[in-house]
Amino acid sequence: MSVSAIRRQVITLVLASLAMFAFGFALVPLYEVFCQITGLNGKTSTQAYSQSHLTTVDTSRLVKVQLLTIANEQTPIAFKAESSQMQSHPGQTYEAWFVMENPTTQSVVIQAVPSVSPALAAQHFKKVQCFCFDQQTLLPGQKMRVPVVFMLSPELDQDVHTLSLAYTLFDITKSVSTAMK
């Protein structure tokens, strides 16, 4: 094999490696856009739903909404829903309450990350108000009761009879204090 052939092959391999590396970085934002468009991965909007237009309530249909809570294993917060499930008519606004308690002697800053299952129902789960929109600071020993006000869009697939709204809490105290320095 000639030196020029080896040189071309090395350049081709280096360029292919750089292209794969760049593609790997591009996958994250592409996946986020894909999930936002399709509602896959159970991601819900991170902004409040505006009730500026009237929605018809479908009283002929009930959807069970299961309320699940998870505190990440590094999060020292006790976290639970006041009710584990509720029945809701698509198009009607509902309020669910959650309780967080900081049993530690340190202030803790947490962020709640919601997800909805089945994933295709996420685009039809509309949060009017949610504690997940903002970071929450719990002082030592503090107990906090927080709401989520939501509605299910009447366009929710007729085959969906039960959906799960899950919140995972993450302790972001260190990242918030680092950002403030």
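Residues numbered from 1 in each chain as written. Predicted model: local features only at pLDDT ≥ 70, side-chain atom pairs only at ≥ 80, totals over all residues. Heavy atoms only, no water.

Caption draft 1: Fine view of the pairing of strand 9 (residues 162–171). Taken across its ten residues, strand 9 has seven buried, putting it largely inside the fold. Bridge count between strand 1 (residues 63–71) and strand 9: eight bridges; the pairing is parallel. Bridge pairing in strand 9 links Val65 to Leu163. (Buried < 20%, exposed > 50% of the residue type's maximum accessible area, 1.4 Å probe, protein only. Helix = DSSP H or I, 4+ residues; strand = E, 2+ residues; numbered from the N terminus. Pairing = 2+ DSSP bridges.)

Caption draft 2: Inspection of the pattern of salt bridges at higher detail. Applying the stated criterion across every chain, the model contains one salt bridge. Residue Arg145 pairs with Glu82 through a salt bridge whose shortest N-O separation is 2.6 Å. Separated by 63 residues along the polypeptide, Arg145 in strand 8 (residues 143–152) and Glu82 in the loop between strand 2 (78–81) and strand 3 (85–88) bring together distant segments of the chain. The exposure class of Arg145 is partly exposed, given its relative accessible area of 47%. (Salt bridge = Lys/Arg side-chain N within 4 Å of Asp/Glu carboxyl O.)

Caption draft 3: A look at the packing of aromatic side chains. In total, this model carries seven aromatic pairs according to the counting rule given. On the basis of an interplanar angle of 75° and a centroid distance of 6.2 Å, the ring pair of Phe79 and Phe131 is categorised as edge-to-face. Of the two residues, Phe79 sits in strand 2 while Phe131 sits in the loop between strand 6 (125–130) and strand 7 (136–138), which places them 52 residues apart along the sequence. When sorted by exposure, Phe79 lands in the same class as Phe131, which is buried. A ring pair is formed by Phe125 and Phe150, whose centres lie 4.9 Å apart and whose planes are at 20°; its orientation type is stacked. In this pair, Phe125 is assigned in strand 6 and Phe150 in strand 8, connecting sequence segments 25 residues apart. For the pair formed by Phe125 and Phe150, the shared burial category is buried. Taken together through their ring pairs, the aromatic side chains of Phe79, Phe98, Phe131 and Tyr167 make up a single cluster. The positively charged end of Arg145 is found above the aromatic ring belonging to Trp97, 4.0 Å away from the centroid. (Phe/Tyr/Trp six-rings, centres within 6.5 Å; stacked < 30°, edge-to-face > 60°. Lys NZ or Arg CZ within 6 Å of the ring centre and 35° of its normal.)

Caption draft 4: Expanded view of the nonpolar core. Among the nonpolar cores identified, the biggest contains 33 residues, and Phe98, Met100, Phe131, Leu163 and Tyr167 are the most heavily contacted of them. Broken down by secondary-structure element, the contributors of at least two residues to this core are strand 1, strand 2, strand 4 (93–101), strand 5 (108–117), strand 6, strand 8 and strand 9. The element that contributes the greatest number of residues to this core is strand 8, accounting for five residues. Leave out the neighbours within four places in its chain, and Met100 touches Ile77, Ala78, Phe79, Ile110, Phe131, Gln136, Leu138, Gln142, Lys143, Met144, Val146 and Leu169. (Core = buried A, V, L, I, M, F, W, Y, C linked by side-chain atoms within 4.5 Å. Contact = heavy atoms within 4.5 Å.)

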